[in-house]
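# Breakdown of the fold
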Amino acid sequence: MAAATRRAASSLVSRCLLARPAAVPSALRRPGADGARGLLPGVLQKFGTAAAAEEPISPPVQVGDTKLLINGKFVDAASGKTFPTLDPRTGEVIARVAEGDAEDIDRAVAAARKAFDEGPWPRMTAYERSRILYRFADLIEKHNDDIAALETWDNGKPYEQAAKIEVPMVARLMRYYAGWVDKIHGLIVPADGPHHVQVLHEPIGVVGQIIPWNFPLLMFAWKVGPALACGNTVVLKTAEQTPLSALYVSKLLHEAGLPDGVVNIVSGFGPTAGAALASHMDVDKLAFTGSTDTGKIIMELSARSNLKPVTLELGGKSPFIIMDDADIDHAVELAHFALFFNQGQCCCAGSRTFVHERVYDEFVEKSKARAARRVVGDPFRKGVEQGPQIDDEQFNKILRYIKSGVDSGATLVSGGDRLGDKGYYIQPTVFSDVQDDMKIAQEEIFGPVQSILKFNDLNEVIKRANASRYGLAAGVFTNNLNTANTLTRALKAGTVWVNCFDIFDAAIPFGGYKMSGIGREKGVDSLKNYLQVKAVVTPIKNAAWL
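Structural notes, computed from the coordinates. (Residues numbered from 1 in each chain as written. Predicted model: local features only at pLDDT ≥ 70, side-chain atom pairs only at ≥ 80, totals over all residues. Heavy atoms only, no water.)

### Quick notes on the overall build of the protein
If you tally the helices and strands in the protein, you get 17 helices and 26 strands. Taking 24 Å as the expected radius of gyration for a compact globule of 546 residues, we find that the protein reaches 24 Å, a close match to that expectation. Here the protein holds 546 residues, and the buried ones make up 58% of them. Carbon and sulfur atoms form 52% of the exposed surface of the protein, whose accessible area is close to 21,200 Å². Counting 61 positive and 62 negative side-chain charges, the protein places the centres of these two groups 2 Å from one another. (Helix = DSSP H or I, 4+ residues; strand = E, 2+ residues; numbered from the N terminus. Rg over C-alpha atoms; globule rule 2.2 N^0.38 Å. Buried < 20%, exposed > 50% of the residue type's maximum accessible area, 1.4 Å probe, protein only. Areas by Shrake-Rupley, 256 points an atom, 1.4 Å probe, with all protein chains shown as cover. Lys, Arg positive; Asp, Glu negative; His and termini not counted. Charge placed at Lys NZ, Arg CZ, Asp CG, Glu CD.)

Here is the structure:
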């Protein structure tokens, strides 16, 4: 891959903000679902769309392994059960996948334990382990297009996003962690007496990991990368909605030279496989990305079993604050991207758009126009910005939130309904006149619904932005350095983007305050999640120096 492409892949925003598709408007009015029928009677909805009437494009990839990966082999679930993974464009079955449960988690943990206690992985030199991760990154690049197609097919995200941004970022992340492998070291510290003191950083052991459906492959890399870099072994449970890409790339890991049992993949459901992993007595550490409510359950199960340490990357309701000195056209585009990227299915989405009252009306009108230009359609079609939502559950949940916004008195200025009559497509939706006490301003919608709120004072917007149980991320748009400095220090969030959004470089730590999680992903801080600290103290006799 060319160096320029690698550089572009270092942030999710770098390419997306450069593409402003021409408007392809068409008048649309489709029947709603679950009480959402006719939300906007008499209002003409225009969207650049290719979704409704076209036949789905045949994905340019074949489904490969659909079994569980345990101890280096693809095997059936112990129960023999399978479950369907669906194409969000149609709701039709892509493939049936092995359904792991507690017995399969036991098998996977036993394989990981043996690989850690007896196998070569933690006993390899750091250089040897790093070479395997570098080879894995090379294989990711080699199979870029197939991996991206599988991710799009299973998840519904635009193929161009997966192929040009996300899969290259997986390779970048793996190279980042490969570079850390031989730089993880301890310390020699002085003591108040004749003692030699070593501080060792050791791998923690068998790591359980549970990843979500919105960025399946990136979350695989965020979790598996640092765990392997530190010398651990892994049991990873995929989201039941999107099991295919992790199975595909895990095969590449073994092709790169990973020993058997070091990474084990179990597809299955949360109440069975997920709960078994979180409560397993032989798992030494757990990492989870998903909803805050599920995160609470994961933490409780981990504590009630063997008190294993837990890192959590959970929900968000991120404020995006636009000051009155902003370039409005740029602010509209950035706020649009911050919310609608990945069909709005992003934990750090800028889902509370706070706009200064002096520019509020102009911002709302231009946001409405931008939403109308958004190209929604088959994610395999070139130029499509928004594909379908992940499944019918999420689809109907979003429509209920839209209805709640209408019922609570917010002004629906764009969208508000499903798009087409097949698949899980939703119109890009924009609300104005949103108040802080409305559900659409408080709860994580996880969909293409932008809520625009008005403010008139810096101290006011700080207080309102922080009045949330979440604290994952925030965005600030201003040309005033003093304003930016005030906001970045005052906002209670793990990441604050200034005049940008969704910059996810491999070295930048990511995680939340408050109920958005515990611990950090990516960067050097992520390594701390997968290491134990041990002090070794030895007496020194006749020391030449201390």
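### Considering the pairing of strand β9 (residues 195-203)
By the bridge criterion, 3 bridges tie strand β8 (residues 187-189) to β9 in an arrangement that is antiparallel. Considered in β9, the bridge of leucine 187 is made with valine 199. The hairpin formed by β8 and β9 contains 5 residues between the paired strands, and glycine 193 there has a positive phi angle of roughly 160 degrees. Alignment of β9 against strand β26 (residues 531-539), held across 9 bridges, turns out to be antiparallel. By the bridge assignment for β26, histidine 196 is matched with threonine 538. (Pairing = 2+ DSSP bridges.)

### Some words on the nonpolar core
Generally speaking, soluble globular proteins have nonpolar side chains that are buried together. Residues Phe136, Ile140, Phe220, Leu228, Val263 and Ile322 are the most contacted members of the largest nonpolar core, which totals 105 residues. Ranked by residues supplied to this core, first place goes to helix α6 (residues 159-180) with 12 residues. Those residues in contact with isoleucine 322 that sit more than four places away from it in its chain are Ala331, Ala335, Thr353, Phe354, Val355, His356, Phe363, Phe455 and Phe477. With 29 residues, the next largest nonpolar core counts Ile321, Tyr424, Ile440 and Leu453 among its residues. (Core = buried A, V, L, I, M, F, W, Y, C linked by side-chain atoms within 4.5 Å. Contact = heavy atoms within 4.5 Å.)

### Some details on helix α12 (residues 360-373)
Across its 14 residues, α12 extends 20 Å between first and last C-alpha, which sits within 8% of the 20 Å expected from 1.5 Å per residue. Where α12 is buried, its residues meet β15 (319-322), α11 (328-340), β16 (352-356), β18 (411-414), β19 (429-432) and β20 (449-455). (Expected span 1.5 Å × (residues − 1).)

### Here we look at the sheet that holds β26
Spatial strand order, β8-β9-β26: 3 strands in an open sheet with antiparallel pairing. Edge positions in the open sheet fall to β8 and β26, since each of these has one partner strand only. Taking the axes of each pair of neighbouring strands and ignoring which way they run, one obtains an average angle of 25 degrees across the sheet. (Axes fitted to C-alpha atoms, helices over the stretch in contact; angles between N-to-C directions.)

### Brief notes about the sheet that holds β18
Read across the open sheet, the 7 strands follow the order β18-β19-β20-β16-β15-β22-β23; overall the sheet is mixed. The two strands at the open ends of the sheet, each matched to only one other strand, are β18 and β23 (495-498). On average, each strand axis in the sheet is inclined to that of its neighbour by 25 degrees, with strand direction left out of account. Where α12 meets the sheet, its contacts fall on β15, β16, β18, β19 and β20, and the angle it forms with β20 comes to roughly 170 degrees. Packing of helix α16 (residues 481-490) onto the sheet brings it into contact with β15, β22 (473-477) and β23, and relative to β23 it is tilted by some 165 degrees.

### Focus: the side chain of glutamate 166
Along the chain, glutamate 166 turns up in helix α6. One polar contact links glutamate 166 to glutamine 161, side chain to side chain, over a distance of 2.5 Å. (Polar contact = N/O pair within 3.5 Å; in protein donor to acceptor, adjacent residues only side chain to side chain.)

It is worth stressing that arrangement in space is one thing and function is another; only the former is reported here.
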